[in-house]
Amino acid sequence: MKDIADHLFDIFENSVNAGASEVIVRIANTENHFFCSITDNGTGISGPEVLDPFVTSRKTRRVGLGLPLLKKAAEDTGGYLKIKKREEMRGTTLQFEMDTSHIDAKPFGDLAQTFADIFFAWPEMVFKLYISTGGSEELVLDFQRLRLEAEEGLVDLLKLRKHIYEVAREELKKIDIG
Amino acid sequence: MKNLEELRMMREKVKRDLALRTGQHRIKIVVGMGSCGIAAGARDTMNELLDLIEKNHRTDIMVTASGCFGFCAQEPMIHVYVDDQRPVTYRNVDIDAARLIFNEHILNNRVVEQYLFSKGKK
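It should be emphasised that the depicted structure is a prediction, and the values quoted were computed from it without experimental measurement. Within each chain, residues carry numbers counting from 1 in the order of the written sequence. A letter from A marks each chain and a number from 1 marks each ligand, given out in the order of writing. The predicted origin of the model limits local features to residues at a pLDDT of at least 70 and limits the giving and counting of side-chain atom pairs to 80 or more, whereas totals for whole chains, interfaces and linings rest on all residues.

A short note on the sheet that holds strand 3 (residues 80-85) of chain A
Residues and elements named next belong to chain A. Strand pairing is assigned whenever DSSP detects at least two bridges linking the two strands. Put simply, DSSP marks the helices as runs of H or I at least four residues long and the strands as runs of E at least two long, and each gets a number from the N terminus on. Strands sit in the order 3-4-2-1-5-6 across an open sheet of 6 strands; the sheet is mixed. Strands at the two margins of the open sheet, each flanked by one partner only, are strand 3 and strand 6 (136-142). Neighbour-to-neighbour, the strand axes of this sheet turn through a mean angle of 15 degrees, independent of strand direction. By the bridge criterion, 6 bridges tie strand 5 (residues 126-133) to strand 6 in an arrangement that is antiparallel. Across the sheet, Leu129 pairs through a bridge with Leu141, a residue of strand 6. Whether two residues are in contact is decided by their C-beta atoms, placed from the backbone, lying within 7 Å. Angles run from 0 to 180 degrees between N-to-C directions of axes, and those axes are lines fitted to C-alpha atoms, restricted for helices to the stretch in contact. Set on the sheet, helix 2 (residues 66-75) makes contact with strand 3 and strand 4 (92-99); between it and strand 3 the angle comes to about 140 degrees.

Printed below as a string of structure tokens:
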């Protein structure tokens, strides 16, 4: 995983594998502190042992490195990664924070591309991206709405990829990412 | 208000566009997107394939993602399903390999031995 963009995509894939049909991402970036929270409605995790690379429920291989690698990347900068089962309903919430000015911080990479990729990799997923700035939160991407618009012919489906990329890039720029 | 002819054309266009996503596809390409695939550059592979599909105006090809299936050292891997032929799995599919496989296998139905991993059951 060379950058945060790869890690985000990876966490998203975890959600998909856990049977999630809905994923909500919230990000904020102020004064070199990048915060990200990802909430899904998948099967949920059993406990903190998911952060152990040698604990995995899958059968194709016996190690799982995705989460431990991101945890390490966050902690290397003095940040953290927390993961917990949602209490009010099925699913998992994952949060991490990192100091982007730290010498060991991984670069963001192309985060906008990650969101465009998610749209095409999992066409049925309900996905929402919120960006927080100064206390207020704004819904930046809503894949369900985009799909509905595409069905009504308002947005050309083939152009959607570029559209999502550009919207995401524009909004991320506002919080100094990319 | 648009006239009837315009509306009809719009409807046809949307129908064509939607064919890309709604399952009436002749060809399906599945890209391995586990942690291993992502770390090996599977997102670049997927985007190259999407670009090629767009450039060739092919609405009958679908690209989708799957998780890891246990051969992490051979990532990025893709599976190609054409009609009811045996599915073909390729290994080490970087951007150049994706281009080659698209031109040979997808456009001309010739399996690319160089990147072949296995052929599946029907």
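What about unusual backbone geometry?
Residue and element names in this part refer to chain B. Of note, the bond from Glu75 into Pro76 is cis; its omega dihedral lies within 30 degrees of zero at -5 degrees. Within the fold, Pro76 resides in the loop between strand 2 (61-66) and strand 3 (78-82). The backbone of Asp83 sits at a positive phi, close to 45 degrees, despite the residue not being glycine. The residue Asp83 is located in the loop between strand 3 and strand 4 (88-90) in this model. Look at Asp83 and you get exposed, because 9 C-beta atoms sit within 10 Å. Each residue is classified by how many other C-beta atoms fall within 10 Å of its C-beta atom, where C-beta atoms are placed from the backbone; a count of 20 or more means buried, 12 or fewer means exposed, and values in between mean partly exposed.

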